[in-house]
Each structure stands twice: as structure tokens, then as C-alpha cells.
Amino acid sequence: MANLDLEQHSSENEEIKKKKHKKRARDGAKKLKQRAIDEEEPEHEDGDDEENKPLIDEEPKKKKKLKQRGDADDDADDEAITEEEPKKKKRKDEEVKSEEEDKVEGTSIMTNETFESLSLSDNTYKSVKEMGFARMTQIQAKAIPPLMMGKDVLGAARTGSGKTLAFLIPAAELLYHVRFTPRNGTGVIVICPTRELAIQSYGVAKELLKYHSQTVGKVIGGENRKKEAEILAKGVNLLVATPGRLLDHLENTNGFVFKNLKLFVMDEADRILEQNFEEDLKKIIKLLPKTRQTSLFSATQSAKVEDLARVSLASPVYIDVDEGRQKVTNEGLEQGYCVVPSGMRLLFLLTFLKRFHGKKKIMVFFSTCKSTKFHAELFRYIKLDCLEIRGGIDQSKRTSTLFQFKKAETGILLCTNVAARGLDFPHVDWIVQYDPPDNPTEYIHRVGRTARGEGAKGKALLVLTPDELQFIQYLKAAKIPVEEHEFEEGKLLDVKSFLEDLISKNYALKESAKEAYKTYISGYDSHSMKDVFNVHRLDLKEVAASFGFSDPPKVALKTDRGGYKSKREPVNKFNRGRGGRRGGKSKFERY
Ligand SMILES: Nc1ncnc2c1ncn2[C@@H]1O[C@H](COP(=O)(O)OP(=O)(O)OP(=O)(O)O)[C@@H](O)[C@H]1O
């Protein structure tokens, strides 16, 4: 690798920095070390000490310029950064403000149409009312009537805009009107790409059907297959499933009655059609009764979804709520990016999380399971509480974490893309993409975990290395507004040598860091946008530093040295302006 000069340069800088911040280095390491030992140490108030000062300039560069000229309303923004008032009250004010702004701009996800106007059955209407919803979102107003008329629908609407009820309300009405009983078996199947999303949609379906006599169930990977088979044999009228487990039951569970299926729904259809599920889906569709209603929903669409729609939907109604919008992400979402040299990434993340720990609700995305695992282990070791959702964790633990983070007012969730789609965690303050997404589509889904629902607000931060900066052009081309935040290197926690020392001496952490380092590189190698994320441009010494190593560890790296091809998806009606490209086939399982 031709990085010798850079390495030398960075080590010289390191020396200068070390001297300059010698005292702070000692203090910082001491503090962190102390916290690792002493759990009882109280949290500092915002701004009380060095390490709690904002790491990044939380105002995007552009806004700052405006403010200097006196054009911007600066107080509101400053408040958002140094908020002292209770979180709930602040949210309410923000929601009211955002709703007003949305109305002016005509970009609200809400309509003035009411659920009452739909002439729903009393039992469905009662549940919707109890959920606290009176007016419909745009996708609900547009999709529910045709679905209730028995039409096939291909529906696209931005993240957090109420797609779940858009397909579940017609499903509940259908089962009610055809008087499904457990003896009739399954009348509606909803498939979801992840287990957590299936669990969540099952929860919404149960709530919606709680006054109906029809039964609701779920079959998902990682749960007890035999128990599921017994429940299916008793008759599940509305079934929520992940593709692999559904196929397994369709093929092997004798008592599973699906010959009466009336409606088949694919949530996050574009994700389901990606490589891991496409084969399963083809087999599932072959096994299901041909005369049925079908609908596909997602915030982002792909050419494959269009192809599937062409072959499996009969005269479908195409609904694209956001067509023609100037941006594809939510109004209440403030999106920024930070350029952080590879070797400083870990310190950056640690400093960021320490600042907001106990005050904000934060999701941090990593590219691989092993990297998520390592960071969770490291953070817990140094008493920075966090939760994790990723592959390789027992499903019951994943499920309890899902509900724990849903309920939490504040907290940190480290996760892979397994949490990128569809999950509805209330009031997430920050989405941090520590490892960049594979493409703009994945970016949209990740940031869609915040600013969800009517008038909600949230912030998103993308961490890029200087070599990855070109990704911003792709985001802008996909109508995703991101602005740069400056961060001050001098505000990083000066605990580099403390972490290196810790990791070199703690066997378990060291092994975990090695695995994380290895999979980070192989994951990087499997990026579909090779022009932006080129594994050959990685400086391994710097990468190693971001896993707490002073030198790259000796691990066997399985990277493709044979050159790269960019797998771009042709732009089509549904991906135009919504990411525009889809992740190519991954050689490595990234979550
Ligand atoms: N009519 C409504 N009025 C107000 N809030 C609603 C309404 N319908 C749904 N919501 C709320 O909006 C949030 C987002 O809904 P939902 O999870 O269905 O979004 P989604 O469009 O499926 O998002 P994603 O694309 O991320 O899967 C949920 O908290 C839901 O309870």
C-alpha cells in the first residue's frame, strides 16, 4: 500500500498532538479508566467539563454562514444543542412547530381525511381510535380504499409514514367481511425481511384485531418451529412471517391451511427481493393460491420490485406518495455528515456517545456483526451502557432488546442493517452511521428510524473518511439533503493510548477487536459502490487504530484483489430520486 508518507505524517502529527495535549491526555485517560472501575461516578452536566463540550459543530456549515450574516433564527438551533428543558415538553413544541412548517410547505405526511370516512367495521375503527389516530397519512388515504376494493397495490411512501396500517387495516376488514374463522386457516400473509420487523408488525396487527374474533400469529426464523406448527394447525387467520420460515412451514407443516389465502402482502418489498430472499420468495409464490390479492410496500423501490409487480400483480394501482418531492427523506430530519480520518473514528464515536449518554436516544449503525459486537463489548467495559441488535445473538435476546429500546427515553443502540428497515422506535434523537451504508437506499432506511410519524423531528450523522467523501454526491443526486458538520480534533477524548493499552492486555477484547477489524475490511470489500468505497484505498494502520490497535493485527484478510466492477442498477420510475441504486450482491454476510 502506498501509504508510507501518510503514515509518517500522521505519526508526526500524533507526536505534536501528544505534546500539546499531554495534560489532557493524562486527565482523559484517568477519567475513562476511573469510570471503568467506578460505576458510581455521577454524570457531568452539559458543558461542565471539557469532554462534554460538543465534539462536532452541531450546526451545519451553511447554516452557520447564514447566521453570521444575521439571516437565521439562531436561538431555536442553539436551544436544540444545549437543551436543559425536559425532553418530552421540548418534543411537543417541536412537533407543533414542524406540523405548521409542513402545512406551509405542503409536505406533511398527513391528510385531512379521517378514518371515520372509510366506513370501517366498528371493531377496526375502535382499535384505530384507541391507537390515537383520527386522520390518515397520505399513503393510508391513497392505499386503503383500493385495497379494500380488492385491488392489487404497489405502494411507495417515505419511511415512518404509516405504511403498516395502510395494509393491515384492509387486511383486518377483509378477514372480518369474509367471516374467517380459525377453521378456514390463513386468509392474509404479511412477509417482512427481518425478524424484528415481523415481530413489530405482528404487534400492530394484534392491536388492530383485538376486538375481532379473527386470529393473528407469526412465524419467524430463530423461534421454536414446532410450537409455530402447532399454532398454525389451530388456524391463524392473519399470519406475519419472515420468508425463510414461511417457506419452511408451507413445505413441511401438514396442518397449515393456506388454500383459502385471500391477501398476500410484502412489506419492504425491495429488501425481500434482494439476494437472500429472492429464491425463497419465488418458491413461496409458487405454493400460494393463484387467485388472491397481492400488495407490495416499501419506502424505496427497485427495478426488481417493478419486475415482480409486472408478473405477480393483476392490473395494480401504483401509488407513489412522494413522487416529485424535492427531497426523499422526512421533513423533520436534520441530516449532516462529518469527515473523520480513519484512525480517529473510534475516538470520535466514543466522544460523541459520551457527550449524549444518558441524555439522548441514539442508534449507531455498523457494517458487520463482529464490529457491532466488539464496540458493544468495549463500550460496556468502559461503562458506557449500550444495547445491540445484530445477527449472531439469540432471538429471545434480540426481541427483548427491541422492546427495551422501544420503551427507552434515552440510550444507545448499536446495530447492523438488521435494524435499518421498518423498525419503529419512538423518539430517536440521533441516527449515527458510523460505518457508511452500502448505497443511498440503505442510507434512507437507516435515517428513517428517526423523525417518524406526524411532525416528528430527529438528527442524522454520517461519518465518512476523507476518501469516502464522494458518497455525498450520490446522496445529493438522490435528493437527500446533507450538510457538513465541522468537528474539532482537539475535542476528541484523548484516550487513544489508554484504549490501545486496554485492548492489548485484555485477551477477550483483543480477539473481538481482531475479528471486528477483519470483518470491517471484508465488509468494505463487498461494498457495491467501489468507486467510493475502495478497499485498496484503506490505510490498514489507520483502520487498525480505529479498532484500538497501535499496529495492524496479524489476521488473514480475504479481500478481492482482482479488481472491481461497479454494479449499478438502471434508473427506473421507482428508484429515481429514492436512492437510485441498489446494493449489489454481497460476498460477505454483513449482518
Ligand atoms: N394516521 C396516523 N396518524 C398519526 N400517526 C400514525 C398514523 N398511522 C401510523 N402512525 C404512526 O407513524 C409511525 C410510523 O408508522 P409505520 O411504522 O407504519 O411507518 P412505515 O411507513 O411503515 O415506515 P418504514 O418505511 O420505516 O417501515 C408509527 O409510530 C405509527 O404508529
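Higher on the page you've got the structure.
These figures come from a predicted structure and were not determined experimentally.

A. Representation of helix α16 (residues 369-381). For α16, spanning 13 residues, the distance from its first C-alpha to its last is 18 Å, which sits close to the expected 18 Å at 1.5 Å a residue. Of all the residues in α16, the buried ones are Cys-369, Ser-371, Thr-372, Phe-374, His-375, Ala-376, Leu-378 and Phe-379. Packed against the buried residues of α16 are α15 (345-356), β12 (387-389), β13 (411-415), α20 (496-505) and α21 (507-525). Two residues or fewer past α16, Lys-383 is found with a positive phi of approximately 65°.

B. Region of interest: the site of the ligand. Taken together, 21 residues are adjacent to the ligand, and Gly-160, Lys-163, Thr-164, Asp-424 and Arg-452 come closest. Here Gly-162 contributes a backbone N or O atom positioned 3.2 Å from an oxygen atom of the ligand. For the ligand, an oxygen atom lies 2.7 Å from a polar atom in the side chain of Lys-163. When isolated, the ligand has an accessible area of 640 Å², and the protein chains bury 87% of it.

C. View of helix α17 (residues 395-407). With 13 residues, α17 extends 18 Å from end C-alpha to end C-alpha; this agrees with the ideal 18 Å at 1.5 Å per step. All buried positions along α17 are accounted for by Gln-395, Arg-398, Thr-399, Thr-401, Leu-402, Phe-405 and Lys-406. An end-on view of α17 places all buried positions within 160° of arc, on one side of the element.

D. Just the side chain of Asp-429, in detail. If you trace the backbone, Asp-429 turns up in the loop between β13 and β14 (430-433). You can call Asp-429 buried: its relative accessible area is 16%.

E. Highlighting the layout of surface pockets. As a volume, the second largest pocket reaches approximately 1,300 Å³. Phe-133, Gly-160, Asp-424, Arg-452 and Gly-453 are, among the 46 residues lining the second largest pocket, the residues nearest its centre. When residues of the lining of the second largest pocket are traced back to their parent elements, those giving at least two are α5 (87-105), β2 (135-137), α8 (163-177), α9 (195-208) and α17. The dominant element in the lining of the second largest pocket, judged by the number of residues it contributes, is α9, at six residues. In terms of residue class, the lining of the second largest pocket is made up of 17 nonpolar, 15 polar and 14 charged.

F. Region of interest: the packing of aromatic side chains. Tallied over the full model, the rule gives 14 aromatic pairs. Summarising the aromatic geometry, the rings of Phe-405 and Phe-425 are spaced 5.1 Å apart at their centres and angled 75° between planes, so their arrangement reads as edge-to-face. Placement of Phe-405 in helix α17 and of Phe-425 in the loop between β13 and β14 is noted, with a sequence separation of 20 residues between them. The same class applies to Phe-405 and to Phe-425, which are both buried. With a centroid separation of 5.4 Å and 55° between ring planes, the pair formed by Phe-471 and Phe-533 is classed as tilted. Placement of Phe-471 in helix α19 (residues 471-477) and of Phe-533 in the loop between α21 and α22 (540-545) is noted, with a sequence separation of 62 residues between them.

G. Up close: the environment of Pro-553. Tracing the backbone shows Pro-553 in the segment after α22. When the C-alpha atoms of Pro-553 and Ile-285 are compared, they prove to be 47 Å apart, with 268 residues separating the residues in sequence. Setting aside chain neighbours within four positions, we find Pro-553 in contact with Lys-514, Tyr-517 and Ala-544.

H. Quick peek at the pairing of strand β10 (residues 333-339). Taking burial as the measure, the seven residues of β10 include six buried ones, the bulk of the element. Examined bridge by bridge, β10 and strand β15 (residues 458-464) share seven bridges and lie parallel to one another. Counted as the bridge partner of Leu-333 is Gly-458 from β15. Sheet topology note: the β10/strand β16 (residues 483-484) ladder contains two bridges and is parallel. Its bridge partner lying in β16, Gly-336 is registered against Glu-483.

Reading the values: the criteria
Residues numbered from 1 in each chain as written. Predicted model: local features only at pLDDT ≥ 70, side-chain atom pairs only at ≥ 80, totals over all residues. Heavy atoms only, no water. Helix = DSSP H or I, 4+ residues; strand = E, 2+ residues; numbered from the N terminus. Expected span 1.5 Å × (residues − 1). Buried < 20%, exposed > 50% of the residue type's maximum accessible area, 1.4 Å probe, protein only. Contact = heavy atoms within 4.5 Å. Near = heavy atom within 4 Å. Polar contact = N/O pair within 3.5 Å; in protein donor to acceptor, adjacent residues only side chain to side chain. Areas by Shrake-Rupley, 256 points an atom, 1.4 Å probe, with all protein chains shown as cover. Arc of directions from axis to C-beta. 1 Å grid on protein atoms, 1.4 Å probe; cavity = no way out; pocket = protein on both sides within 12 Å on 5 of 7 lines; lining within 4 Å. Points joined across faces, edges and corners; volume = space filled by probe spheres on them. Nonpolar A, V, L, I, M, F, W, Y, C, P; charged D, E, K, R; others polar. Phe/Tyr/Trp six-rings, centres within 6.5 Å; stacked < 30°, edge-to-face > 60°. Pairing = 2+ DSSP bridges.

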